[in-house]
Amino acid sequence: MKKYEAVVIGVSAGGLAALDAILPTLDASFMMPVLVVQHLSPDMESYLPLHLNMRCALHAKEAEDKESLRPGTIYVAPPNYHLMVEEDKTMALSAQARVNFSRPSVDVLFETAAEVFCDRLVGVVLTGANSDGAAGLAKIKQFGGLTIVQDPATAEVDAMPKAALKSTAVDYVLPLDCIGPFLQTLARQGLHESSPGE
Amino acid sequence: MNDTLIIENERLEIQLLLEAIYLKYGHDFRSYAFTHTKRRLEHRRSIEGFKNFSEMQHRVIYDEAFFNSLLLDLSINVTEMFRDPWFYKRIRDVVLPHLKTYPYAKVWHAGCSAGQEVYSMCILLEEEGMDDRVQVYATDFNELILQKAKDGIYPMDLVRDYTANYQKAGGLRSFSDYYSADYDNVIMKRSLKDHVLFSSHNLVTDGVFGEMNVIFCRNVLIYFNKELQNRVLQLFWDSLCPGGFLCLGSKESLRFSSVADKFDVVSEREKIYRKKRSPSTL
């Protein structure tokens, strides 16, 4: 079994309920960093870290520029900034142009994380009304990472999961309530894996 | 070839390309945040159809016009007027009252891009009746963008956002008082730039700039690596008069920088800092 090092999640319309169904199910033994891009109105202060901290065993915070990724921490992209992962496993923010009409953009996070973690990355696309995340998920797959898409039938808005499914041969299509437990299983496998590699 | 090796090789090609740009044209992007730079270069590579960055390097060396388009890609050119309206409200409420105590003050917009934040500040100064007493310096390393800043012409469809920002920032008039419009564009009122000096300055390679009362440098430092950030922050400290204000972007902070203890925090959320007066003048 393979050991994964990080999880990236992309979500748009209907995102709060979807994240609430997943992140609070992860327990304190979950040793991977979780990076989340949720599309938000640019001038809203992000309430998401606060909201998640009241519900999750893992610590949730807004991602900061040049901050190192720590295991068992949920990082939320700040409104109006792209979130990227650097080669040294720190995060970087950018105020560059919107991608897929979005800032933060799921694709930007997924593509940069894929290049850093390669086959040690888990990418998750959830409910949403556009196609952001589709290209990013394809890149994760291309670099050998594990790809998960929320079953469109269980999505509040199914455009984003459907676009992701169309973009690449996705590894797992899961109903919303199965995604959290599945991630937990992946994390446990990693824990029990003593030797590096397969 | 496995993925890790491809990425390593590509990184090497990009480093050589940046080295070539520095040696040939003197523009130094070697200390920029790598992922950001790579995405900008990748964007240009795919538009032009180069197979790899080494091919692009050859073109950069032999074709200055191509280099200039690349320079635009690498410039930070996304900004807006009254970006983060709450920030400008704070400038009006906290910083300008201090400036009013000086008979004459100097303001520096470092990395001013196409000038949106410069005009925002000029509007504030005019509304507070201070425009005659403040000299504004607007600098950028990119001459093309600097020319845009001088021209003060912006697309009409952006002006709707600017207007909303202006109102949220506590603007006293109608935003349309500050520009005249044709069908697609607006041009900012000429008198706004009466007290602005536009000039070329490169934060990476150039030195100290005057005795400033306020320095704006918003959403520039996030594109630099840690070491370059510290170098530029020291440049700002050297360029500020004692008690002068430094204003950064909303996700930039002095907290983990090497100059953190040389500044007081005026406003944490708005990222407004103040240079400490040296102990001898206390």
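What counts as what
Residue numbers run consecutively from 1 along every chain, following the written order of its sequence. Each chain is given a letter, starting from A, and each ligand a number, starting from 1, according to the order in which they appear as written. A pLDDT threshold of at least 70 governs which residues receive local features in this predicted model, and a stricter bar of 80 or more applies before side-chain atom pairs are shown or counted, although totals over entire chains, interfaces and linings include all residues. Hydrogens are left out, water is left out, and the side-chain values use all remaining heavy atoms of the structure. What makes two residues a contact is simply this: any of their non-hydrogen atoms within 4.5 Å. What counts as buried area is the accessible surface, traced by a 1.4 Å probe, that two parts surrender upon association, with contributions from both included. Within this document, salt bridges are pairs made up of a side-chain nitrogen of Lys or Arg and a carboxyl oxygen of Asp or Glu, the two lying within 4 Å of each other. Secondary structure elements follow DSSP: runs of H or I of four or more residues count as helices, runs of E of two or more count as strands, with numbering from the N terminus. Definition used in this section: a nonpolar core is a set of buried Ala, Val, Leu, Ile, Met, Phe, Trp, Tyr and Cys residues joined via side-chain atoms within 4.5 Å. Here's how the labels work: a residue is buried when its accessible area is under 20% of the maximum for its type, exposed when over 50%, partly exposed in between, all with a 1.4 Å probe on protein chains only. DSSP bridges decide pairing: two strands pair if at least two such bridges lie between them. Lines fitted to the C-alpha atoms define the axes, with helices restricted to the stretch that makes contact. Angles between their N-to-C directions range from 0 to 180 degrees. Aromatic pairs are defined between Phe, Tyr and Trp rings, using the six-membered ring for Trp, whenever the two ring centres lie within 6.5 Å; interplanar angles under 30 degrees are classed as stacked, those over 60 as edge-to-face, and all others as tilted. Bear in mind that the domain bounds are from an automatic or database domain assignment. Identification of polar contacts relies on pairs of N or O atoms within 3.5 Å, with a donor-acceptor requirement for protein atoms, meaning one able to donate a hydrogen and the other able to accept it, and with residues adjacent in sequence counted only if both atoms are side-chain atoms. Residue type decides the class: Asp, Glu, Lys and Arg count as charged, Ala, Val, Leu, Ile, Met, Phe, Trp, Tyr, Cys and Pro as nonpolar, and the leftover types, Gly among them, as polar. By definition, pLDDT measures how confident the predictor is in each residue, and it falls between 0 and 100. Both cavities and pockets are sets of points on a 1 Å grid over the protein atoms alone; in a cavity a 1.4 Å probe fits but cannot get out, in a pocket the set is open with protein on both sides within 12 Å along at least five of seven lines, and lining residues sit with an atom within 4 Å of a point. Grid points are joined across faces, edges and corners, and a volume is the space filled by probe spheres set on the points.

### Examining the interface of chain A and chain B
Often, the extent of an interface is quoted as the loss of accessible area upon association of its parts. Between chain A and chain B, the residue contacts involve 25 residues of the former and 29 residues of the latter. Summed over both partners, the interface of chain A with chain B comes to about 2,200 Å²; 47% of that surface belongs to carbon and sulfur atoms. The largest share of the area that chain A buries against chain B comes from K66(A), Y81(A) and Q96(A), three residues that together contribute 27% of it. The interface formed by chain A and chain B includes 5 salt bridges. One salt bridge in this structure joins E64(A) and R255(B), with 2.9 Å as the shortest N-O distance. The leading source of residues in the side of chain A that touches chain B is helix α3 (residues 106-117) of chain A, at 4 residues.

### Section: the nonpolar core
By size, the foremost hydrophobic cluster in this structure holds 75 residues, and its most contacted members are F236(B) and L246(B). No other element matches α3(A), which puts 7 residues into this core. The next biggest cluster of nonpolar side chains, apart from the first, holds 43 residues, and it includes L99(B), C112(B), I123(B) and L124(B).

### Brief notes about the sheet that holds strand β4 (residues 73-76) of chain A
Residue and element names in this part refer to chain A. Strand order across the open sheet formed by 7 strands is β3-β4-β2-β1-β7-β8-β9, with parallel pairing between neighbours. For this open sheet the edge positions go to β3 (59-62) and β9 (172-174), each flanked by a neighbour on one side alone. Averaged over all neighbouring strand pairs, the angle between strand axes comes to 20°, with direction disregarded. Helix-sheet contacts for helix α5 (residues 159-167) involve β1 (6-11), β7 (121-125), β8 (146-150) and β9, and the interaxial angle to β8 is about 145°.

### Comments concerning the packing of aromatic side chains
For any pair of aromatic rings, the description consists of the separation of the ring centres together with the inter-plane angle of the planes. All names here are of chain B. With the rule as written, the count across this model stands at 19 aromatic pairs over all chains. Relative to Y88, the ring of F82 lies with its centre 5.1 Å away and its plane at 70°, an arrangement referred to as edge-to-face. Note on accessibility: F82 and Y88 belong to one class, buried. For the ring pair Y137 and F209, a centre distance of 5.7 Å and an interplane angle of 85° mean the geometry is edge-to-face. Residue Y137 is located in strand β2 (residues 134-140), and its partner F209 is located in the loop between β6 (196-200) and β7 (212-217); the two are separated by 72 residues in the primary sequence. As far as burial versus exposure is concerned, Y137 and F209 are alike and both buried. Through successive ring pairs, a cluster of aromatic residues spans F82, F87, Y88, Y166, F175, Y178, Y179 and F216.

### Observations concerning the domain arrangement of chain B
Residues and elements named next belong to chain B. Partitioning chain B into structural domains gives domain 1 (3-74) and domain 2 (85-281). Each of domain 1 and domain 2 has a C-alpha centre, and the two are 30 Å apart. With 10 residues of domain 1 at the interface, the matching set in domain 2 holds 14 residues. Here domain 1 meets domain 2 over a buried area of about 1,000 Å², counting both sides, of which 63% is carbon and sulfur. It is S31, Y32 and L72 that lose the most area in domain 1 upon contact with domain 2, and together they represent 47% of the buried surface on that side. Summed over the shared surface of domain 1 and domain 2, the number is 0 salt bridges. At the surface where domain 1 touches domain 2, the tally comes to 2 residue pairs in polar contact (both at pLDDT 80 or more). The residue makeup of the side of domain 1 that touches domain 2, split by class, is 5 nonpolar, 4 polar and 1 charged.

### Looking at the pattern of salt bridges
All told, the structure shown has 32 salt bridges over all chains when counted by the stated rule. The partner of K51(B) in a salt bridge is E55(B), and the shortest N-O contact between them spans 3.2 Å. On the basis of relative accessible area, K51(B) is assigned to the exposed category, the value being 67%. Judged by its relative accessible area of 31%, E55(B) is partly exposed. Three or more residues joined by partner-sharing salt bridges are found here, namely K61(A), E64(A), E67(A) and R255(B).

### What to know about the confidence of the model for chain A
Mean pLDDT over chain A works out to 92, with 93% of the residues at or above the 70 mark. Considering only residues more than four positions removed or in separate chains, one finds that residues 194-198 of chain A, a stretch of pLDDT under 50, has 3 contacts.

### Considerations on the environment of Y154(B)
Residue and element names in this part refer to chain B. Position of Y154 among the secondary structure elements: in strand β3 (residues 153-155). In this structure Y154 comes out as buried when scored by relative accessible area, which is 3%. Non-local contacts of Y154, meaning those with residues more than four positions away in its chain, are made with M81, A114, G115, Q116, Y119, A149, Y162, D184, N185, V186 and M188. Here A114 takes part through its backbone oxygen, which lies 2.6 Å from a polar atom of the side chain of Y154.

### Points about the layout of surface pockets
Roughly 920 Å³ of internal volume is contained in the second largest pocket. Around the second largest pocket sit 40 residues that line it, and T112(A), E115(A), K139(A), K38(B) and R39(B) are the ones nearest its centre. Among the elements that make up the lining of the second largest pocket, the one with the highest residue count is helix α2 (residues 34-48) of chain B (9 residues). When its residues are assigned to classes, the lining of the second largest pocket shows 12 nonpolar, 10 polar and 18 charged.

### A word on helix α4 (residues 134-142) of chain A
All names here are of chain A. Regarding α4, the residues found buried are A134, G136, L137, K139 and I140. Along its buried surface, α4 packs onto β1, α3, β7, β8 and α5. One or two positions beyond α4, positive phi appears at G144, with a value near 90°.

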